[in-house]
Amino acid sequence: MPLHPVAEAGVTVVDWIDERTSLSGAGRWMMFRKVPKGTNWFYTLGSATMFAFLSQAVTGVFLAMYYRPDATGGAYESVRHLTNEVFLGAFVRGMHLWGASVMVVLVFLHMGRTFLWGAYKYPRELNWIIGVVLLILTMVMALTGYLLPFDQRAYWATVVASNITGTGPIVGPYLADFLRGGSEFGATTLSRFYAIHMLVVPGLIAALMGAHLYLVAKLGTTAPPWKKVHKDVKLDTIEA
Amino acid sequence: MPSKHDRYKSKYTVDRQVPGAFEGETITRRRFMTGTAHTAGAVAAASFTLPALGLALAPVFEREPHRWEIAGPVDMFPDDNYIPVVVTLAAGIGQVGKTTVYVRKHNAALDTDAYDRNPRTHPFIALSDRCAHAGCPVRWVPAAERFACPCHGGVYDILGRRVGGPPPRPLDRFFTRVSKQGLVEIGPRYSVNSELKPFSPRGPGEPLDGLGQYLYPAQFDERK
């Protein structure tokens, strides 16, 4: 039975691209993997974290269309305008605000699952290390994003956070100066946090998430620790 | 049988029988081209990375110029109570660049420490409202003669010395002077240890007693 012309066109386009990129092989390698017995809902925490990040990325891009990193009052005013007057502004901002907490919670649940399952052991240590870096980057996102509404809570929370950074011995004071862009909360602190929040860290997170996923696909996932090692009767018979 | 590399250890390509080698040549052209390409790449990358890094790191090495801010006429400040004054620390950024300073006249009965008992060098005592623990704004409570911090319960006495809570050192101070017009002026900030000995300004949470003063170095271009 011939395909519908629209479906035919779709197949032609996909085939055209695949013939020139061989992407379907990579797609199959990534998507159709063997998973161990006992794989359950806990194994979705990683992808849940990824979707939380994607949600943050998409809502963040559109929030940036309205936000102004101006410490003399423009920042607060732009957030107020977005929240109170822009169509769906409060909704999208709410998604970004609550999504941030969701992502932090999911990251920790995902890490707890990996730890309790023992899934960080050989040969997956490198993926654990990448995960730790991703955890730190997520916290950096939470810290830098907290300042951007530029209300009293945001300001004082950042003052305290940068001062806590300064209490690290020897390098702490210099690190706090680097974070603030000076010895006091100054003119460029807000734009500095804004640049870190929307340019530096998201790129790093996306890149490391790619490496994280590549290693998951390459090494496979671990069975839950309560699954006993399955003795293959047929294999034993062959050997004997 | 020894490999090619072991047999020809000479630095001359002719000795190593490299095809196309000529007398006195010490590096193959292929190696030279690879090195040149790598170097060119490194120079190109450094030429935009280094200036960008410098831009990001510069504030660590820069200091705000010293400012003298008018607090008010001399008569405004009693010697047994603090008057809050708002001064500008960083200009051009509105409210964010301002801070509250608690000012009182020098009091011979109170200011008996070796470092501040001279009323000519310390005509007025100006305490920063920045808590020495995490940097929240402390409030002067006249009835209790205490400074209280709203964030984590730091408490200071009338000289700014810690009497309770987590702060590791007393409240920071500002230099003061009286202008010819009879106005009290607030100068640069300095930090003090528990004996009120002055140090260059340090961030909140950084102790200045014992080992602490060595763990938290002074900022660049500031003298101890």
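Source: prediction; values computed, not measured.

Trainee: So what exactly am I meant to see when it comes to the interface of chain A and chain B here?
Mentor: A common way to state how big an interface is: give the accessible area lost once the parts meet. With 25 residues of chain A in contact, the opposing surface of chain B contributes 27 residues. The contact between chain A and chain B buries some 2,100 Å² in all, and 63% of this surface belongs to carbon and sulfur atoms. For the pair chain A and chain B, the number of links is two salt bridges. Across the salt bridge formed by Arg189 of chain B and Glu184 of chain A, the nearest N and O atoms sit 3.4 Å from each other. Where chain A packs against chain B, one counts five residue pairs in polar contact (both at pLDDT 80 or more). Elements represented by at least two residues in the side of chain A that touches chain B include exactly helix H7 (152-166) and helix H8 (172-180) of chain A. With six residues, H7 of chain A is the largest single contributor of residues to the side of chain A that touches chain B.

Trainee: Would you explain the sheet that holds strand S8 (residues 162-164) of chain B in this entry?
Mentor: Pairing between sheet strands relies on hydrogen bonds along the backbone, with the strands arranged either parallel or antiparallel. All names here are of chain B. The strand order S5-S6-S7-S8 describes an open sheet built from four strands, whose pairing is antiparallel. Only two strands of the sheet have a single neighbouring strand rather than two, namely strand S5 (139-141) and S8. Alignment of S5 against strand S6 (residues 146-148), held across three bridges, turns out to be antiparallel. If you follow Arg139 over to S6, its bridge partner there is Ala148.

Trainee: Can you help me understand the pattern of salt bridges in this one?
Mentor: Charged atoms that come close allow side chains of opposite charge to pair. Enumeration according to the criterion identifies 14 salt bridges over all chains in this entry. Ionic pairing is found between Glu77 of chain A and Arg80 of chain A, a salt bridge with its closest N-O pair at 2.8 Å. With Glu77 of chain A and Arg80 of chain A both in helix H4 (residues 74-84), this residue pair falls three residues apart, about one helical turn. Within this structure, Glu184 of chain A together with Arg130, Arg169, Asp172 and Arg189 of chain B form a network of salt bridges that share partners.

Each value, and the rule that gives it
Residues numbered from 1 in each chain as written. Chains lettered and ligands numbered in written order. Predicted model: local features only at pLDDT ≥ 70, side-chain atom pairs only at ≥ 80, totals over all residues. Heavy atoms only, no water. Contact = heavy atoms within 4.5 Å. Buried area = accessible area lost by both parts, 1.4 Å probe. Salt bridge = Lys/Arg side-chain N within 4 Å of Asp/Glu carboxyl O. Polar contact = N/O pair within 3.5 Å; in protein donor to acceptor, adjacent residues only side chain to side chain. Helix = DSSP H or I, 4+ residues; strand = E, 2+ residues; numbered from the N terminus. Pairing = 2+ DSSP bridges.

Purely geometric numbers; function is a separate question.
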